[in-house]
Amino acid sequence: MPEPRTVALVTLGCARNEVDSEELAGRLSADGWDLVEDAADADVAVVNTCGFVEAAKKDSVDALLEANDLKDHGRTQAVVAVGCMAERYGKELAEALPEADGVLGFDDYAQISDRLQTIVSGGIHAPHTPRDRRRLLPLSPAARQDAGASVALPGHGEHMASDTNGTGAEAYEAPAGPVDLPVGVAPASGPRPPLRRRVHGGPVASVKLASGCDRRCSFCAIPSFRGSFISRRPADVLNETRWLADQGVREIMLVSENNTSYGKDLGDVRLLESLLPELASVTGIERVRVSYLQPAELRPGLIDVLTGTDKVAPYFDLSFQHSAPGVLRAMRRFGDTDSFLQLLADIRAKAPQAGVRSNFIVGFPGESRADVAELERFLGAARLDAIGVFGYSDEDGTEACGYEDKNAPEEVAERLERVSRLAEELTAQRAEERIGDSVRVLVESAGDGQPGGADESALPAGRAVHQAPETDGQVLLDGATPEMSVVGRILEAKVVATDGVDLIARALPSESEEAGR
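None of these values were measured; they are calculated from a predicted model.

Trainee: I would appreciate a short explanation of the overall build of the chain in the present structure.
Mentor: A tally of helices and strands in the chain yields 15 helices and 20 strands. Every one of the 517 residues in the chain was classed for burial, and the buried ones make up 54%. Contacts in the chain between residues far apart in sequence, at least 24 positions, make up 73% of those at least 6 positions apart. Accessible surface for the chain amounts to roughly 21,500 Å². Of this, 49% is attributable to carbon and sulfur atoms.

Structure (C-alpha cells):
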C-alpha cells in the first residue's frame, strides 16, 4: 500500500485565511492526506496567499518562492497557491510566477484533494480567469441565501442550511458528515459541511461569521474577489463553536469582512445581538470576541451586548481608517473626529476598560497636511489600545486608482513614519493607564523566564480581554506558578508595569490555591 501523500499549509494574511486553511486541512485529511507542519517535509506545499495590499502580496510571492526552493533539496514536489491573491489574479499570477505549479481559486476548494493529486502527479490544472465575485450573488441581500448554494464560499459549506427559526439552534440537526473521519477532523457546518481540522491547536480559534462585503470603499479591492456579503446560518456558527470547544478551545474570535452587517441577508440585522449570548453559553467557551466592526453600522443594541454580556469581550475592532471628513468622503466612508470620539465615549460609559483598536490610512489622494493634523487630533484623544497605520498605495481595480491629486510617495512615507511614531507613543501611554487594573488573562504559553532577566519574554504569557490574538500585545505573567500557568487557563492578574503595548501583571491565585498555601 503506497504511503499517503503529505501536504503542508502555509498561511499568510488575516484570521479569515486561517479559517480557510483549516477547512482545506479538514478536506485533505478526510481524503487521506497527511498534514505536516514543515513544508520541507511535504510532497506539496500549499501557500494560502493574501491579496489585500502591496506588502501582503509581496510576502505571498516571497513565501511561494521560498517553498519553490525546497524542490531542489527537499521532499517537496509541488508548490500551489490558493487564497485571496490566487483568486484575485488567477491566470495572471500563474504566468507571472511559473515557480508555482498550480494556482487555485475558491471554486477549487471543494475538490482540493483531486486538484493537488493532479498537480503532484505532473498534470496541469488550468488557472482561472478572475471575475468580479460581487456579480455571483443577487444585488438584494434577502435573495442571497438560496443563490449562495451554487457559489463557492470558503467556510460556509457547499450548501447552506435552510432553517430560519430565530438563531436556528433548536431547528438545527448536526449533520452526520462523511464516515470514518480521521481523529481531529469534524464537520464544521451546513448540511454538506466543510471539514475543519485545527492546524496549530491552542486555546484560541477564529470562527467565520460571514463572507464578502457590500461596502464600496474607494481604496479596497476585497469585495471584488471575496464577493458580496453573505452570512453563515447561526446554527452553523454554533455547531462549529461547540466542536471547537470539544477540541479544547477557550476563546473564539468571530471574523468576516464586516461583522456589523451580520444577519441582514437573513432578515434580521440585529441577529448578532441574539447570537452572541448563545455562543457565550457554549460549554467550555470562556471568551467570545468580535472583530471587524464598522463604526457607521455600530448599533446601540450591539454595544449593549458587547459591553454587558458575560463571557463576551467588551472589545471593539473599529474600522475608522481616518477622521478628517473630507478624506473619509473620498474614501466613500462616513464620520469625523467628533462623532468618532462620541462613539468611544458611549462605549466607555458602559465599559470603562473596553479594548479598542483601529487601522488608519495616511497619504490618501487629496489628503492635506491639515487632514493629517485632524487625524492626529483624533488619535491624541481616542485612547486606543492598538493602532495600525498604513501608507496609501494604488490597488488594482479600485476607484481611488483613478483619483487625481495623489500625494508623492516620499510625502506618503513621511506621513506614515510620523503618524506611526505617534501611534506607538499613544498606545504605550494607553497601556500605562492600565497599571493597577485587574485583568483576566487567557494563558497561551507557559514560559519559564523572570522579570528583568535576560529572557523576560519567556515568562508565562497570555492576553487580557482588551487584547486580540497577534495584533494587540500580550500580558506577561509575573509570579505564576507552573500550576497557574497552564495553557488554556484563565487567570486573574494585577497590572504592575508595561513594556510598550505589553502589560506585565502579577498573577493572582484562585481562592482554592490561596487556601492550599
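Trainee: Even after reading the chapter, I still don't get the packing of aromatic side chains, so can you show me in this structure?
Mentor: Two measures describe an aromatic ring pair: the distance that separates the ring centres and the angle between the ring planes. Per the stated rule, a full pass over the model turns up nine aromatic pairs. Their ring planes at 20° and their centres at 6.4 Å tell us that Phe320 and Phe360 sit as a pair that is stacked. Of this pair, Phe320 sits in the loop between β13 (315–317) and α11 (325–330) while Phe360 sits in strand β14 (residues 355–362), and the two are 40 residues apart along the sequence. On the basis of relative accessibility, which here comes to 0%, the residue Phe360 falls in the buried class. Over the ring of Tyr292 we find Arg16, and its NZ or CZ is 4.6 Å from the ring centre. The ring of Tyr315 has Arg289 lying over it, and the distance from NZ or CZ to the ring centre is 4.6 Å.

Trainee: In this structure, what is going on with helix α10 (residues 300–308)? I would like to understand it.
Mentor: What sets the pattern is the α-helix's 3.6 residues per turn: residues three or four places apart point alike. Looking only at α10, the buried set comprises Leu302, Ile303, Val305, Leu306 and Thr307. Where α10 is buried, its residues contact α9 (271–280), β12 (287–290), β13 and α12 (337–350).

Trainee: Whenever I open this one, the sheet that holds strand β5 (residues 102–103) confuses me. Can you help?
Mentor: Sheets are built from strands paired through backbone hydrogen bonds, the pairs being either parallel or antiparallel. Reading across the sheet, the five strands line up as β2-β1-β3-β4-β5 and stay open at both edges, with parallel pairing between neighbours. The open sheet has two edge strands with one neighbour each: β2 (34–35) and β5. With two bridges joining them, strand β4 (residues 78–82) and β5 adopt parallel strand pairing. By the bridge assignment for β5, Ala81 is matched with Val103. Taken strand by strand, helix α1 (residues 15–30) contacts β1 (6–11), β2, β3 (44–49) and β4, and its axis lies near 175° from that of β1. Helix α5 (residues 112–120) contacts β1, β3, β4 and β5 of the sheet and is inclined by roughly 145° relative to β4.

Trainee: Would you mind showing me how to read the side chain of Arg215 here?
Mentor: If you trace the backbone, Arg215 turns up in the loop between β9 (210–211) and α7 (222–226). Looking at Arg215, its side chain comes within polar contact range of the side chain of Glu297, at 2.7 Å.

Trainee: Hey, could you run me through the pattern of salt bridges in this one?
Mentor: Opposite charge on two side chains makes pairing possible when the charged atoms of those side chains draw close. What the rule picks out here adds up to 47 salt bridges. For Glu22, the salt bridge identified is with Arg198, shortest N-O distance 3.9 Å. Taken together, the residues span a long stretch of sequence, with Glu22 in helix α1 and Arg198 in the loop between β7 (195–197) and β8 (204–208) at a distance of 176 residues. Across the pair, Arg198 and Glu22 agree in class, each one buried. In this structure, Arg377 and Glu374 form a salt bridge, with 2.9 Å as the shortest nitrogen-oxygen distance. Placement of both Arg377 and Glu374 in helix α13 (residues 369–382) is noted, with a separation of three residues, approximately one turn of the helix. Judged by its relative accessible area of 40%, Arg377 is partly exposed. Three or more residues are tied together by salt bridges with common partners; here these are Arg16, Asp20, Lys208, Arg226 and Glu257.

Trainee: Hey, could you run me through the UniProt feature "binding site: [4Fe-4S] cluster 1" (unreviewed entry) in the chain in this one?
Mentor: In the numbering adopted here, UniProt assigns the feature "binding site: [4Fe-4S] cluster 1" (unreviewed entry) to Cys14, Cys50 and Cys84. Taken along the chain, the residues just named run across 71 residues; in space they keep tight, none of their C-alpha pairs more than 10.5 Å apart. Tracing the chain through its elements places Cys14 in the loop between β1 and α1. Mapped onto the elements of the fold, Cys84 is located in helix α3 (residues 83–89).

Trainee: Can you help me understand the pairing of strand β19 (residues 490–499) in this one?
Mentor: Two faces belong to every sheet, and in a regular strand the side chains alternate between them. Two elements, strand β16 (residues 438–445) and β19, share five bridges in a ladder whose sense is antiparallel. Bridge pairing in β19 links Ser438 to Lys494. Between β19 and strand β20 (residues 502–508), which pair antiparallel in sequence order, lie two residues; one of them, Gly500, sits at a positive phi of approximately 65°.

Trainee: Explanation requested: the side chain of Arg430 in the structure shown.
Mentor: Mapped onto the elements of the fold, Arg430 is located in helix α14 (residues 409–433). A relative accessible area of 3% places Arg430 in the buried class. Polar side-chain contacts of Arg430 include one of 3.5 Å to the backbone oxygen of Arg383. There is a polar contact of 2.7 Å between the side chain of Arg430 and the side chain of Glu433.

Trainee: Mind showing me how you'd approach helix α2 (residues 54–73) here?
Mentor: A rise of 1.5 Å per residue sets the reference length of α2, with its 20 residues, at 28 Å; its end C-alpha atoms lie 30 Å apart and thus fit the reference within 8%. Buried within α2 are the following residues: Ala56, Lys57, Ser60, Ala63, Leu64, Ala67, Asn68 and Leu70. The buried residues of α2 occupy an angular sector of 140° when the element is viewed end-on, so they sit on one face. Residues of α2 that are exposed and angled more than 90 degrees away from the buried face: Ala55, Lys58, Glu66, Asp72 and His73. Where α2 is buried, its residues touch β3, β4 and α3.

Trainee: I keep staring at unusual backbone geometry and nothing clicks. Help me out?
Mentor: Among all residues except glycine, the phi angle is most often negative; among peptide bonds, the trans geometry is most common. One non-glycine residue with positive phi stands out, namely Tyr292, at about 55°. As for its placement among the helices and strands, Tyr292 is situated in the loop between β12 and α10. The phi dihedral of Asp405 is positive, around 60°, even though this residue is not glycine. The topology assignment puts Asp405 in the loop between β15 (386–391) and α14.

Basis of the calculations
Residues numbered from 1 in each chain as written. Predicted model: local features only at pLDDT ≥ 70, side-chain atom pairs only at ≥ 80, totals over all residues. Heavy atoms only, no water. Helix = DSSP H or I, 4+ residues; strand = E, 2+ residues; numbered from the N terminus. Buried < 20%, exposed > 50% of the residue type's maximum accessible area, 1.4 Å probe, protein only. Contact = heavy atoms within 4.5 Å. Areas by Shrake-Rupley, 256 points an atom, 1.4 Å probe, with all protein chains shown as cover. Phe/Tyr/Trp six-rings, centres within 6.5 Å; stacked < 30°, edge-to-face > 60°. Lys NZ or Arg CZ within 6 Å of the ring centre and 35° of its normal. Pairing = 2+ DSSP bridges. Axes fitted to C-alpha atoms, helices over the stretch in contact; angles between N-to-C directions. Polar contact = N/O pair within 3.5 Å; in protein donor to acceptor, adjacent residues only side chain to side chain. Salt bridge = Lys/Arg side-chain N within 4 Å of Asp/Glu carboxyl O. UniProt positions renumbered as here; feature names shortened; annotations may be inferred. Expected span 1.5 Å × (residues − 1). Arc of directions from axis to C-beta.

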